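A closer look at the structure
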Amino acid sequence: MRLYRFITGPDDSAFCHCVTAALNKGWELSGSPSLTFDAVQGRTICGQAVTKEVPGEDYSPETKLGEY
């Protein structure tokens with residue numbers, strides 16, 4: 001099965017660590033990162049899509065993406 005996640009968070013080291021952790025678990029970047037500005041909170045929000053191929057597994061809506 002092929003999995004998809006969109007990781008979001010403030011533009012800080014915690015976001016970078018989250019993406020780095022996903023990459024080290026075998027996820028791959030999918031497309032360019034995105035940025036937007038949250039005027040209410042006064043901060044930049046990042047987003048990055050990642051995908052992962054998991055052989056021998058079948059997808060279901062109950063699949064816990066964080067476990068892969």
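Quick caveat: nothing in here was measured; it's all calculated off a predicted structure.

**Details of the nonpolar core**
- Counting residues in hydrophobic clusters, the biggest one holds 10 residues: M1, L3, I7, F15, V19, A22, W27, C46, V50 and V54.
- Contributing elements (two or more residues each) for this core: β1 (2–10), α1 (13–24) and β4 (43–53).
- Those residues in contact with F15 that sit more than four places away from it in its chain are I7, T8, G9, P10, C46, G47 and Q48.

**A short note on the packing of aromatic side chains**
- Counting across every chain of the model gives 0 aromatic pairs.
- One Lys or Arg, R5, reaches over the ring of W27 and ends 5.1 Å from the middle of that ring.

**Here we look at the confidence of the model for the protein chain**
- Predicted confidence across the protein chain gives a mean pLDDT of 95, with 100% of residues reaching 70 or more.
- Within the protein chain, the lowest mean pLDDT, 96, falls on β1, and the highest, 98, falls on strand β2 (residues 28–29).

**Concerning α1**
- For α1, built from 12 residues, the straight-helix expectation of 16 Å at 1.5 Å per residue is met to within 8% by its first-to-last C-alpha distance of 16 Å.
- Within α1 the residues assigned to the buried category are F15, V19 and A22. With its buried residues spanning 60° around the axis, α1 presents them on a single face. What points out from α1, more than 90 degrees from its buried face, is the exposed set S13, H17 and N24.
- The inward-facing, buried residues of α1 contact β1, β2 and β4.
- Put simply, D12 is the residue that caps the front of α1, since its side-chain oxygen is 3.2 Å from the backbone nitrogen of A14.
- At the exit of α1 stands G26, carrying a positive phi of roughly 100°.

**Focus: the pattern of salt bridges**
- Applying the stated criterion to the full structure yields 1 salt bridge.
- Between E53 and R2 there is a salt bridge, with its nearest N and O atoms 3.4 Å apart. With E53 in strand β4 and R2 in strand β1, the pair connects residues that are 51 residues apart, well separated along the chain.
- For E53, a relative accessible area of 47% translates into the label partly exposed.
- Residue classification places R2 among the exposed residues on the basis of a relative accessible area of 53%.

Calculation notes
- Each chain has its residues counted from 1, running along the sequence as written.
- Totals for whole chains, interfaces and linings use every residue, but because this is a predicted model, local features are given only for residues with pLDDT of at least 70 and side-chain atom pairs only at 80 or more, for both listing and counting.
- Side-chain measures here rest on the full set of heavy atoms in the structure, leaving out hydrogens and waters.
- We call a set of buried residues a nonpolar core when its members are Ala, Val, Leu, Ile, Met, Phe, Trp, Tyr or Cys and they connect through side-chain atoms within 4.5 Å of each other.
- Residue exposure (1.4 Å probe, protein chains only): buried if accessible area is under 20% of the type maximum, exposed if over 50%, otherwise partly exposed.
- Strands here mean DSSP runs of E at least two residues long; helices mean DSSP runs of H or I at least four residues long; both are numbered from the N terminus.
- Note on contacts: a residue pair is in contact if any heavy atoms of the two residues lie within 4.5 Å.
- Geometry of aromatic contacts follows a simple scheme: Phe, Tyr and Trp rings, the Trp one being its six-membered ring, pair when their centres are within 6.5 Å, and the pair is stacked under 30 degrees between planes, edge-to-face over 60, tilted otherwise.
- The rule for a charge over a ring is simple: NZ of Lys or CZ of Arg within 6 Å of the ring centre, and within 35 degrees of the ring normal.
- Each residue gets a pLDDT score, which is the predictor's confidence in that residue and runs from 0 to 100.
- Every helix has an expected span of 1.5 Å times one less than the residues it contains.
- Within this analysis, the arc is defined by the directions that extend from the helix axis to the C-beta atoms.
- Counted as a polar contact is a pair of N or O atoms within 3.5 Å, where, for protein atoms, one must be capable of donating a hydrogen and the other of accepting one, and residues adjacent in sequence contribute only when both atoms are in side chains.
- What makes a salt bridge here is a side-chain nitrogen of Lys or Arg within 4 Å of a carboxyl oxygen of Asp or Glu, nothing more.

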